[in-house]
Amino acid sequence: GVGVFSNNDLTLISDGSIDVSNAGNAFGLAGYADFGDSTVTNNGAIYAYSTNGTAAGVVAVSNYGDTSAYNNGDIEAYSFTGDAYGMVSYSPYGDAIANNEGSIYAHSFIGDATGILAFAQYGDVTVTNGTYADITAYTFGGNATGINAQSYTGDVTVVNDGSISADSVNLYAIGINAQSVYGAV
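A short tour of the structure in this document, coming up. Small disclaimer: the values here were computed from a predicted structure and weren't measured. (Residues numbered from 1 in each chain as written. Predicted model: local features only at pLDDT ≥ 70, side-chain atom pairs only at ≥ 80, totals over all residues. Heavy atoms only, no water.)

### Observations regarding the overall build of the chain
To be explicit about the condition: Put simply, DSSP marks the helices as runs of H or I at least four residues long and the strands as runs of E at least two long, and each gets a number from the N terminus on. Throughout, radius of gyration means the C-alpha value; the globule benchmark is 2.2 Å times the number of residues raised to the power 0.38. With a 1.4 Å probe rolled over the protein chains alone, any residue whose accessible area is under 20% of its type maximum counts as buried; one over 50% counts as exposed, and the rest are partly exposed.
The secondary structure content of the chain amounts to zero helices and 19 strands. Rg of the C-alpha trace for the chain: 15 Å, near the compact-globule value of 16 Å for 185 residues, within the 12% margin. Dimensions of the chain along its principal axes, counting C-alpha atoms only, are 35 × 35 × 30 Å. In the chain, buried positions account for 48% of the 185 residues.

### Looking at the sheet that holds strand 9 (residues 74-79)
Across a sheet, strands are paired by hydrogen bonds formed along the backbone, either parallel or antiparallel in direction. Where we set the bar: Two strands form a pair only when DSSP identifies at least two bridges running between them. As a rule, the C-alpha atoms of each element are fitted with a line to give its axis, helices using only the stretch in contact, and angles between N-to-C directions run from 0 to 180 degrees.
Ordered by their spatial adjacency, six strands build an open sheet running 3-6-9-12-15-18, and the pairing between neighbours is parallel. Strand pairing shows two members of the sheet lacking a second neighbour, strand 3 (17-22) and strand 18 (163-168), which therefore form its edges. Direction aside, the axes of adjacent strands within the sheet are offset by 0° on average. Direction of pairing for strand 6 (residues 45-50) relative to strand 9: parallel, over a ladder of six bridges. Pairing of alanine 45 across the sheet is with aspartate 74, part of strand 9.

### Structural notes on the sheet that holds strand 11 (residues 96-100)
Strands sit in the order 2-5-8-11-14-17 across an open sheet of six strands; the sheet is parallel. In this open sheet, the two edge strands, each paired with only one partner strand, are strand 2 (10-14) and strand 17 (156-160). Here the strands of the sheet are splayed against their neighbours by 5° on average, with no regard to which way each runs. In this sheet, strand 11 lies alongside strand 8 (residues 67-71) in parallel orientation, the contact comprising five bridges. Within strand 11, the position partnered with threonine 67 by the bridge is alanine 96.

### A short note on the nonpolar core
Inclusion rule: Residues belong to a common nonpolar core when they are buried Ala, Val, Leu, Ile, Met, Phe, Trp, Tyr or Cys residues joined through side-chain atoms within 4.5 Å. The criterion used for residue contact is that any of the two residues' heavy atoms lie within 4.5 Å.
Counting residues in each nonpolar core, the largest one holds 24 residues, and the members touching the most others are Val58, Met87, Ile116, Val125 and Val127. Every element with two or more residues in this core is listed here: strand 2, strand 4 (26-33), strand 7 (55-62), strand 11, strand 13 (113-120), strand 14 (125-129) and strand 16 (144-151). In terms of residue count, strand 13 provides more of this core than any other element does, three residues in total. Those residues in contact with valine 127 that lie beyond four places of it in its chain are Ala98, Ile116, Ala118, Ile147, Ala149, Thr157, Val158 and Val159.

### Examining a negative patch on the surface
Let me state the cut-off plainly: Residues form patches when they are more than 30% accessible in relative terms and have no salt bridge. Like charges link within 9 Å. Nonpolar side chains (Val, Leu, Ile, Met, Phe, Trp, Tyr) link within 5 Å. Using a 1.4 Å probe, accessible areas were evaluated by the Shrake-Rupley method; residue-level cover was limited to the displayed protein chains. For salt bridges, the criterion is a side-chain nitrogen of Lys or Arg within 4 Å of an Asp or Glu carboxyl oxygen. When charges are counted, neither His nor the chain ends are considered; positive counts come from Lys and Arg and negative counts from Asp and Glu. Where a charge lies is defined by one atom per residue type: Lys uses NZ, Arg uses CZ, Asp uses CG and Glu uses CD.
Taken together, the side chains of Asp9, Asp37, Asp66, Asp95, Asp124 and Asp155 make up a negatively charged region of the molecular surface. By secondary structure assignment, the location of aspartate 155 is in the loop between strand 16 and strand 17. On the basis of relative accessibility, which here comes to 36%, the residue aspartate 155 falls in the partly exposed class.

### Brief notes about a nonpolar patch on the surface
On the surface, a cluster of nonpolar side chains totalling about 830 Å² of accessible area is made up of Phe35, Tyr64, Tyr93, Tyr122, Tyr152, Val181 and Tyr182. Positionally, tyrosine 152 belongs in the loop between strand 16 and strand 17. In this structure tyrosine 152 comes out as partly exposed when scored by relative accessible area, which is 36%.

As structure tokens, this is what we get:
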């Protein structure tokens, strides 16, 4: 996969194909900014496969800045024993944005499968699944969630104009999970 680390702002864009497989964690396109904003965009095709770890297609993480994860292409994330995420936008102290205008498929055999995870502990969370976009989360042994958007003190907004499918054979399946302890949902 492609991973970029920065103390400041970072922008990561992929217009091509990324194919990564690993016994441990497998991340297709990942950007980590410690103090700045992290913006990660997929315009191509990403395939991430993990045997025993976490598989994720697009990952945008920042400790103290905002995170933005965008998908305009195709993402497939598979994990056999671990969790599978199509897109992750994660910022403890900033805002988290995730926007899907393409196709996301997250599949785990034993672990959880999540199409989009967006989390901001103290900031706002905004997730959009576009008109022609689709999200599929499937697992045999874990929980399946199409969109998981959470904040502790911030507001959470989820807009779905597309298609979401969540299927778990043995545990819970949730299309959209939007939560905030002290903010508006």
